[in-house]
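Structural description and commentary
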Protein chains: 2
Amino acid sequence: MEPEQVPPAPRRPRTEARDLERYAALFAARTRQMRSSAMRNMMSIATRPEVISLAGGLPDTSTFPADLFEEIAAGIAADGLAGALQYGPTEGLDGLREAIPEVMAREGTGAEPEDVTVTTGGQQALDLVTRALVDPGDVLLCDAPTYPGALPTFAAYQADVIQVECDSEGMRTDLLEQTLTELEAGGKRPKFIYSVPTFQNPGGITLSLERRRQMVEIARRFEILVVEDNPYGLLRFEGDPLPSLYSIDGGGFVVYVGTFSKIVAAGLRLGWVVAPPPVRQKIVLGKQAADLCTSNLVQEFALRFLQSGRFDEYVDGLREVYRSRRDAMLGAIAEYFPHGADWSRPEGGLFVWATLPEVIDTGDLLAKALGENVAFVPGAEAFVDGRGTNSMRLNFSGVPEERIIEGVRRIGRLADRMLGLYETIANTAELPLPGGPVEKERRKAG
Amino acid sequence: MEPEQVPPAPRRPRTEARDLERYAALFAARTRQMRSSAMRNMMSIATRPEVISLAGGLPDTSTFPADLFEEIAAGIAADGLAGALQYGPTEGLDGLREAIPEVMAREGTGAEPEDVTVTTGGQQALDLVTRALVDPGDVLLCDAPTYPGALPTFAAYQADVIQVECDSEGMRTDLLEQTLTELEAGGKRPKFIYSVPTFQNPGGITLSLERRRQMVEIARRFEILVVEDNPYGLLRFEGDPLPSLYSIDGGGFVVYVGTFSKIVAAGLRLGWVVAPPPVRQKIVLGKQAADLCTSNLVQEFALRFLQSGRFDEYVDGLREVYRSRRDAMLGAIAEYFPHGADWSRPEGGLFVWATLPEVIDTGDLLAKALGENVAFVPGAEAFVDGRGTNSMRLNFSGVPEERIIEGVRRIGRLADRMLGLYETIANTAELPLPGGPVEKERRKAG
């Protein structure tokens, strides 16, 4: 090969406005609904070392044992390299498909290896389920608030997303039933209910046992699927585990999505979906088209980690780290957030959801917070309908305790200032304050 | 956590016909176009050790140096583990985005790192480009025959695929122009032309320089994009490299798709797409929804491999191995395939495309071949319009020479038998043979 024989490559000409218009006519209609989530856009800012990022859903990866990583790599090099570097079956490697139900069994959920499809992270599982089920305009139901990263996926398939209010026990099944009844009266049958029932992203709340039974019963009655997304179930700090929707249902109407992102490593991009055979077949066909198969190397790595006997110990360690960080965050919020704020007390997972007095727009607050090197996810990202403007998602898994406390302190101070400013304006203009006058007094609990 | 407190998980009830019907009503319209390609379905058979699989597009992974693999893993463990196990930016790691243009430069193609998006294999690049550009019913143009794995992707977005005939110089640009003119007269503007111009999958042919210039000129004139898929360009065994469509165009109307699957390892699932900024932005938004980001671990691995100084040596080695295997395959085809067969003589890449006398249906031949533990891809897989029924794609990269020869010998023997049987029936029934009587005499060239 003699590259010098090839004519020199011309540089790309600068894109002109005219070109942009040309391209615009080529884009699919779905791209008009595609918006970059603030969460992802902030990644570039949030990865700067000086920023205290409470924004991402980043697990802590600093405790992964380097010796075990090397040991696994040496094992692959010694006896599985050619296979790890090769294409694999679209469904995933058999060994990993057999090991995944053993992971699920740790939460008491039974699953059959043949119903498991390995995916490129839990995110791809959501994408493939939506691809298999949703035509443009189809209705989906989900939590209000919902996982912000699911909304771009639903938008990519032009779904009509309806959010069902959550309280401290998770999605309100009375409202779910009412919504489904109304939709049915209008001749609409939603394709699925999407929910994160355990240590919900973003709410930090957990669907109660009673509601779990109701949700499954409602799904069966209306003959629609539930997509149960369970990334955090093994990260319980206290209280008793609840049965998954999948195990209550037995897998007839519930599609289960799991991931290694929060219990092994997000950088693997390794998740899975368990679905009844007719749905699974469509998911596998969709995956063929999407990326052929998930990395064998990454699958081998996860499998050997699970087989190493050190998985439970590693998850135990994460649980300890996250429990302390949650406690630090809850303490700091109680100390530094203004009076009138409310927040969840998660029994596990990665997130606290905090709601400030209504006059505070958390989008504005974020802009100010970034100026002081703190990031969080504004609540509006978790809704399609404009709600959540005075709420925020705060992540405690990816940041050491002293930085959590400092980050929350800065956010609280900024919120105070905004409230003070609003009070001054309101007093001057004699405007009534929504929700009554803001008291400057802070709760000192902690 | 006490799993014993959780009620025992009920087993999934067997799916009944009634359930299947229930699910059927939930599927998206696109799933009606989804079909499992024979190529993928055969993976399960083709991976059995007794099968000589000329079916997959499997690279040879046996020569990857285990010492280098361990060295890279040790490097990651020592100084990059937490990052490799973490989420990364959707666009890909900066270091890898900078290294990819250096890989492209080896074929004389210039590209800017900021135009590069790292993808989960080249397949995901195709999926994301189609997601960004194609609405249901939109027209796409592609080679006839085309990469079989692209068709399920185009079907997933319900594209209307029109294939433009290829000859020994690649896609016939006169027919391309004619098709575009006819579509324009009918008020239709295709979204893009998809082509594998170099060592085409499945044809093994290469688009000539003259045709490359014409294709770019036509795309510009009709203001549509060309998606240039170039997985094999660095695997040239002989002859002079040709400039990529991307470098001829300068990146205004050509979207370039590359992959590490054939030059590093398919098991990484690591590819990339280079696109002008407006298109790139839509691709990145689509990737966020599809899988958030590509595995940092895999990206780190590839980057450290590229930086090891052993990449060119490795590709040189692959080129040597594949050249010998190609020669073995061409020799065996010349010796064993029946008179009336024709086939491509690729100057690089992974595939030979062979066409048998018209009376042979290669779908039937495949069924017989699997019975004798040989697999290939029947030609119909490379068309949407029923063509290719007497052709086949034969892979020479993934199988040692003696097995290539044996596999081709078995296929040739089966084809001979089918031709003999057809002759007998034709003689008995006094039916005219399409294409004239089949001569039993074989070419003995080799």
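Because the structure is a prediction, the values reported are computed rather than measured.

For the rest of this paragraph, the subject is the overall build of chain A. Scanning chain A from terminus to terminus reveals 17 helices and 14 strands. Looking at chain A as a whole, 64% of its 446 residues qualify as buried. At a minimum sequence separation of 6, the contacts of chain A that also span at least 24 residues come to 76%. On chain A, roughly 15,600 Å² of surface is accessible, and the fraction owed to carbon and sulfur atoms is 49%.

Residues and elements named next belong to chain B. Contact geometry of helix α7 (residues 121-133) with helix α13 (residues 277-291) gives a least axis separation of 9 Å together with a crossing angle of 115°. In terms of axis orientation, α7 runs roughly perpendicular to α13. The interaxial crossing formed by α7 with α13 has right-handed handedness. Residues Q124, L128, V129, R131 and A132 of α7 form the contact with α13, whose participating residues are K282, I283, G286, K287, A289, A290 and D291. A breakdown of the residues in the contact of α7 with α13 according to their chemical character gives six nonpolar, two polar and four charged.

What follows covers the interface of chain B and chain A. Between chain B and chain A, the contact holds 120 residues from the first and 120 residues from the second. The tally of links between chain B and chain A comes to two salt bridges. We note a salt bridge from R131 of chain B to D127 of chain A, for which the minimum N-O separation is 2.9 Å. At the boundary of chain B with chain A, the tally comes to 38 residue pairs in polar contact (both at pLDDT 80 or more). Counted by class, the side of chain B that touches chain A contains 62 nonpolar, 31 polar and 27 charged residues.

Residues and elements named next belong to chain A. Domain boundaries in chain A define domain 1 (38-62 + 314-429) and domain 2 (87-307). If you look at the interface, domain 1 gives 28 residues, while domain 2 gives 29 residues. Each partner contributes to the roughly 2,500 Å² buried at the junction of domain 1 and domain 2, and carbon and sulfur atoms together form 63% of this total. Here domain 1 is connected to domain 2 by three salt bridges. Between E347 and R236 there is a salt bridge, and its shortest N-O distance comes to 3.0 Å. At the boundary of domain 1 with domain 2, the tally comes to 14 residue pairs in polar contact (both at pLDDT 80 or more). Looking at which element gives the most residues to the side of domain 1 that touches domain 2, the answer is helix α15 (residues 311-336), with seven residues. For the side of domain 1 that touches domain 2, the per-class residue count stands at 16 nonpolar, four polar and eight charged.

Glancing now at the pairing of strand β2 (residues 116-119) of chain A. Residues and elements named next belong to chain A. Burial along β2 is two-sided: V116 and V118 and T117 and T119, pointing in opposite directions, are all buried. Pairing between β2 and strand β9 (residues 271-274): four bridges, direction antiparallel. Each residue of the ladder has a partner; that of T117, found in β9, is V273.

A few words now on the relation of the copies chain B and chain A. Take chain B, turn it by 180°, move it 0.0 Å along the axis, and it overlays chain A with an RMSD of 0.0 Å. Interpreted geometrically, this transformation is the action of a two-fold axis. The position closest to the rotation axis in chain B is occupied by the C-alpha of A73 of chain B, lying 3.1 Å away. Most of the interface of chain B is mirrored in chain A, where 100% of its interface residues again form contacts.

Okay, unusual backbone geometry next. The omega torsion of the bond from A144 of chain B to P145 of chain B falls at 0°, within 30 degrees of zero and hence cis. Note that P145 of chain B resides in the loop between β3 (139-144) and α8 (150-156). A cis amide bond links N201 of chain B with the next residue in sequence, P202 of chain B, at an omega value of 10°. The residue E223 of chain A is not glycine, and still its phi comes out positive at about 55°. Looking at the element boundaries, E223 of chain A is found in the loop between α10 (209-222) and β7 (225-229). In this structure E223 of chain A comes out as partly exposed when scored by relative accessible area, which is 24%. Phi is positive for L292 of chain A, which is not a glycine, with a value near 70°. Looking at the element boundaries, L292 of chain A is found in the loop between α13 (277-291) and α14 (296-307). Take L292 of chain A: its relative accessible area is 8%, and that puts it in the buried class.

Another aspect to go through is the side chain of S195 of chain B. Residue and element names in this part refer to chain B. Along the chain, S195 turns up in strand β6 (residues 192-195). Look at S195 and you get buried, because its relative accessible area is 2%. Contacts of S195, omitting those with residues within four sequence positions, involve D143, M215, V227, E228 and D229.

Bringing the packing of aromatic side chains into the picture now. Between two aromatic rings, the relevant description is the distance of the centres plus the angle of the planes. A full pass over the atoms with the stated rule returns 26 aromatic pairs over all chains. Aromatic pair Y232 of chain B and F351 of chain B: ring centres 6.0 Å apart, planes at 85°, arrangement edge-to-face. Of this pair, Y232 of chain B sits in the loop between β7 (225-229) and α11 (245-249) while F351 of chain B sits in strand β11 (residues 351-355), placing them 119 residues apart in sequence. Summarising the burial analysis for this pair, Y232 of chain B and F351 of chain B share the class buried. Here a set of aromatic residues connected by ring pairs shows up, and it is made of F64, F69, F301, F305, F311 and Y314 of chain A. Its guanidinium or amino end placed over the ring of F27 of chain B, K282 of chain A lies 5.3 Å from that ring's centre, counting from NZ or CZ.

Residues and elements named next belong to chain A. For α10, which comprises 14 residues, the first-to-last C-alpha distance of 20 Å matches the rise-based estimate of 20 Å (1.5 Å per residue) to within 8%. Along α10, the residues that are buried comprise R211, R212, M215, V216, I218, A219 and F222. Around the axis of α10, the buried residues are gathered within 160° of arc, so they sit on the same side. Once α10 ends, the next one or two residues include E223, with phi positive near 55°.

Residue and element names in this part refer to chain A. Enumeration according to the criterion identifies 54 salt bridges over all chains in this entry. With a shortest N-O distance of 3.2 Å, R310 and D67 are connected by a salt bridge. Linking R310 in the loop between α14 and α15 with D67 in helix α4 (residues 66-79), this pair joins segments that are 243 residues apart in sequence. Overall, D67 belongs to the partly exposed group, its relative accessible area being 45%.

Calculation criteria
- Residues numbered from 1 in each chain as written.
- Chains lettered and ligands numbered in written order.
- Predicted model: local features only at pLDDT ≥ 70, side-chain atom pairs only at ≥ 80, totals over all residues.
- Heavy atoms only, no water.
- Helix = DSSP H or I, 4+ residues; strand = E, 2+ residues; numbered from the N terminus.
- Buried < 20%, exposed > 50% of the residue type's maximum accessible area, 1.4 Å probe, protein only.
- Contact = heavy atoms within 4.5 Å.
- Areas by Shrake-Rupley, 256 points an atom, 1.4 Å probe, with all protein chains shown as cover.
- Axes fitted to C-alpha atoms, helices over the stretch in contact; angles between N-to-C directions.
- Parallel < 35°, antiparallel > 145°, perpendicular 65-115°, else oblique.
- Left-handed = near helix turned anticlockwise from the far one by under 90°.
- Nonpolar A, V, L, I, M, F, W, Y, C, P; charged D, E, K, R; others polar.
- Salt bridge = Lys/Arg side-chain N within 4 Å of Asp/Glu carboxyl O.
- Polar contact = N/O pair within 3.5 Å; in protein donor to acceptor, adjacent residues only side chain to side chain.
- Domains from an automatic or database assignment.
- Buried area = accessible area lost by both parts, 1.4 Å probe.
- Pairing = 2+ DSSP bridges.
- Least-squares fit on C-alpha atoms with pLDDT ≥ 70 in both.
- Phe/Tyr/Trp six-rings, centres within 6.5 Å; stacked < 30°, edge-to-face > 60°.
- Lys NZ or Arg CZ within 6 Å of the ring centre and 35° of its normal.
- Expected span 1.5 Å × (residues − 1).
- Arc of directions from axis to C-beta.

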